[in-house]
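What the coordinates show
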Amino acid sequence: MYSVLFKCEQAHDDSIWSVAWMRSEKDNVENIVTGSVDDLVKCWTWENDELKLKWTLEGHQLGVVSVDINPSGNIAASCSLDSHIRLWDLEVGKQMRSIEAGPVDAWTLSFSPDGRYLATGSHTGKINLFNVETGKKEPPLDTRGKFTLSVAYSADGKYLASGAIDGIINVFDIQTGKLLHTIEAHAMPIRSLCFSPDSQLLATASDDGQIKIYDVEHANLTSSLSGHGSWVLSVHFCPDNTHLVSSSSDKTVKVWDSTSKQCVATFQDHYDQVWQAKYNGNGSKIVSVSDDKAVHVYECPI
């Protein structure tokens, strides 16, 4: 059964825009990181079916737009409207590095599957790449398009996809830096995209209320999922390669079966738009964050 497991109300003092969940390889701690308009990044641990605050990470001067955790689960990255990317050591709760990204040059960010790079979208349409170890900027990938709102790596490390404000998706070959596909996916902004764990499919979420799934190799549309009553703000594939979770400004979190193309669960527990929802490492839980300042955790049948 799908059910609400835990609610942390007033987790931040303002809207929570982003969340990431990753287990630390070193000590098996389940870390959940949240980023809020209150300028703070918070690190929580999930244990005994409870969310416990571990660190409050201060440093950003303006609202935190996006957070991610590296694949080994010990470093978090955050980017803010203050045009800085910050890297945090989750074991000691300290800032490791601050990277100046330029004005509106870091919107969403994502760690590469090997944890060595950070990709961020920018208002110029370029995807900026940063070396995690040195903080240095690598040669960017140029979509030659509009404001890049969302970026995602494929798990096999081959592809990097971006979603733009005009509804266009670009898929790059990381090895060569070549643009493989430009897909006119939506008529409105793409707030989120995500590859399936097997790297074969790409799911997109847009302000048009639709979730679309494309086959990565040929860039063909394989399915459209509709059911949200407003903007779809996030989409995330389950580790089982079949289910997806989405969140929306209609205040709901929905779980979908990509094979049957059906919505299998709807959570209506937030009081305001839900900016992001993510699965944990084995697909047994979902975490969601909202403008209502709350963090919710849900149980999923495996």
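Residues numbered from 1 in each chain as written. Predicted model: local features only at pLDDT ≥ 70, side-chain atom pairs only at ≥ 80, totals over all residues. Heavy atoms only, no water.

Another aspect to go through is the pattern of salt bridges. A complete count under the given rule lists eight salt bridges for this structure. Between Glu 91 and Lys 26 there is a salt bridge, with its nearest N and O atoms 3.0 Å apart. Linking Glu 91 in the loop between β8 (84-89) and β9 (94-100) with Lys 26 in the loop between β2 (16-23) and β3 (30-36), this pair joins segments that are 65 residues apart in sequence. Overall, Glu 91 belongs to the partly exposed group, its relative accessible area being 32%. In this structure, Glu 50 and Lys 52 form a salt bridge, with 3.7 Å as the shortest nitrogen-oxygen distance. Residue class for Lys 52 comes out partly exposed when judged on its relative accessible area of 34%. (Salt bridge = Lys/Arg side-chain N within 4 Å of Asp/Glu carboxyl O. Helix = DSSP H or I, 4+ residues; strand = E, 2+ residues; numbered from the N terminus. Buried < 20%, exposed > 50% of the residue type's maximum accessible area, 1.4 Å probe, protein only.)

Take the packing of aromatic side chains next. Under the criterion given, the structure shown has six aromatic pairs. Between Phe 267 and Tyr 298, the aromatic rings sit 4.1 Å apart at their centres with planes inclined by 25 degrees, giving stacked as the arrangement. Note that Phe 267 is positioned in strand β25 (residues 262-267) and Tyr 298 in strand β28 (residues 295-299), a separation of 31 residues in sequence. The pair Phe 267 / Tyr 298 is uniform in exposure class, with both members buried. (Phe/Tyr/Trp six-rings, centres within 6.5 Å; stacked < 30°, edge-to-face > 60°.)

Structurally, Ala 161 is set in strand β15 (residues 159-164). For Ala 161, the residues in contact, after removing those within four places along its chain, are Ser 150, Val 151, Ala 152, Asn 170, Val 171, Leu 193, Phe 195 and Leu 202. (Contact = heavy atoms within 4.5 Å.)

Further remarks concern the layout of surface pockets. Approximately 320 Å³ is the volume found for the second largest pocket. Lining the second largest pocket are 16 residues; nearest its centre among them are Tyr 117, Leu 129, Tyr 153, Ile 174 and Gln 175. A per-element tally of the lining of the second largest pocket places strand β13 (residues 137-142) first, with four residues. (1 Å grid on protein atoms, 1.4 Å probe; cavity = no way out; pocket = protein on both sides within 12 Å on 5 of 7 lines; lining within 4 Å. Points joined across faces, edges and corners; volume = space filled by probe spheres on them.)

What follows concerns unusual backbone geometry. For Lys 261, which is not glycine, the phi dihedral falls at a positive 60 degrees. A residue is classified by how much of its surface remains accessible, and Lys 261, at 40% relative accessible area, is partly exposed. Of note, the phi angle at Lys 293 is positive, near 75 degrees, even though the residue is not glycine. Take Lys 293: it is sitting in the loop between β27 (285-290) and β28. In this structure Lys 293 comes out as partly exposed when scored by relative accessible area, which is 26%.

Judged by pairing direction, the sheet is antiparallel, and its four strands sit side by side in the order β10-β11-β12-β13 without closing on themselves. One side of each edge strand has no neighbouring strand; the edge strands of this open sheet are β10 (109-111) and β13. When strand polarity is set aside, the average angle formed by the axes of neighbouring strands in this sheet is 20 degrees. As paired elements, β10 and strand β11 (residues 117-121) share three bridges and run antiparallel to each other. (Pairing = 2+ DSSP bridges. Axes fitted to C-alpha atoms, helices over the stretch in contact; angles between N-to-C directions.)

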